[in-house]
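Listed here are the chains, written in short residue letters.
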Amino acid sequence: QVRLAESGGGLVQPGGSLRLSCAASGIINSISAMGWYRQAPGTQREFVAAITGGGSTNYTDSVKGRFTIPRDNAKNTVYLQMNSLKPEDTAVYYCNGAIRPFYYSPYANYWGLGTQVTVSS
């Protein structure tokens, strides 16, 4: 069983910073890409950032220059460093990972349960 667990959400003032963490645990042979998505009330879940196993990154335009997505392969953990936060960044942030539990199994998509980020004064 594979599990993704997010942490680090909370309330922050506009202009502040937060660092989210997502740790993958369970039966894991290999992890390919990992990423972050978010969903604000009344909207669809949207892509925020992703990082491949080789370290290539991709960001949605609205967070470029403000967010980074470092990854620690030894810990099966991906982070989302969020700087210069804006009220419109308020959402539940979900971690996503393409994970292969066994060497003979295909990669499958796994999701965490989400962590709330609220940007407000």
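See the structure above.
Peer 1: Explain the packing of aromatic side chains here, please?
Peer 2: Aromatic ring pairs are reported here in terms of the distance separating the ring centres and the angle at which the planes meet. Scanning the model with the defined rule gives 4 aromatic pairs in all. Consider the rings of Tyr 103 and Tyr 104, whose centres lie 5.1 Å apart with planes at 80°: the pair is edge-to-face. The exposed category is assigned to Tyr 104, whose relative accessible area is 58%. One aromatic cluster is present, built from ring pairs that chain together Tyr 37, Phe 47 and Trp 111. Cation over ring: Arg 45 sits above Tyr 94, and NZ or CZ is 3.7 Å from the ring centre.

Peer 1: Looking at this structure, how should I read the pattern of salt bridges?
Peer 2: Between side chains of opposite charge, a pair can form as their charged atoms come close. Per the counting criterion, the structure on display carries 4 salt bridges. One salt bridge connects Arg 38 with Glu 46, and the closest N-O pair in it is separated by 2.7 Å. Overall, Arg 38 belongs to the buried group, its relative accessible area being 5%. Looking at Glu 46, the relative accessible area reads 36%, which means it is partly exposed. It is possible to trace a salt-bridge network through shared partners that takes in Arg 38, Glu 46, Arg 66 and Asp 89.

Peer 1: It is not clear to me how the nonpolar core should be interpreted in this structure. Could you clarify?
Peer 2: Soluble globular proteins: nonpolar side chains tend toward being buried together. Core analysis: the biggest nonpolar cluster contains 27 residues, and Trp 36, Leu 80, Met 82 and Tyr 93 have the highest contact counts within it. Elements with a contribution of two residues or more to this core: strand E1 (2–7), strand E3 (18–26), strand E4 (30–39), strand E5 (46–51), strand E9 (77–82), strand E10 (91–100) and strand E12 (115–119).

Peer 1: What am I meant to see in the environment of Thr 52 here?
Peer 2: Mapped onto the fold, Thr 52 is located in the loop between E5 and strand E6 (57–59). It is 9.8 Å that separates the C-alpha atoms of Thr 52 and Gly 97, two residues lying 45 residues apart in sequence. With sequence-adjacent residues up to four places away left out, Thr 52 is seen in contact with Ser 32, Ala 33 and Arg 71.

Peer 1: Where do I start with the state of the cysteines in this structure?
Peer 2: Note: disulfide means a covalent bond formed between the sulfur atoms of two cysteine side chains. All told, the structure shown has 1 disulfide when counted by the stated rule. Here Cys 22 pairs with Cys 95 through a disulfide, and the sulfurs are 2.0 Å apart. Disulfide Cys 22-Cys 95: torsion about the S-S bond near -80°, hence left-handed. In this pair, Cys 22 is assigned in strand E3 and Cys 95 in strand E10, connecting sequence segments 73 residues apart. Side by side, Cys 22 and Cys 95 carry an identical accessibility label, which is buried.

Thresholds, definitions, all that
- Residues numbered from 1 in each chain as written.
- Predicted model: local features only at pLDDT ≥ 70, side-chain atom pairs only at ≥ 80, totals over all residues.
- Heavy atoms only, no water.
- Phe/Tyr/Trp six-rings, centres within 6.5 Å; stacked < 30°, edge-to-face > 60°.
- Buried < 20%, exposed > 50% of the residue type's maximum accessible area, 1.4 Å probe, protein only.
- Lys NZ or Arg CZ within 6 Å of the ring centre and 35° of its normal.
- Salt bridge = Lys/Arg side-chain N within 4 Å of Asp/Glu carboxyl O.
- Core = buried A, V, L, I, M, F, W, Y, C linked by side-chain atoms within 4.5 Å.
- Helix = DSSP H or I, 4+ residues; strand = E, 2+ residues; numbered from the N terminus.
- Contact = heavy atoms within 4.5 Å.
- Disulfide = S-S within 2.5 Å.

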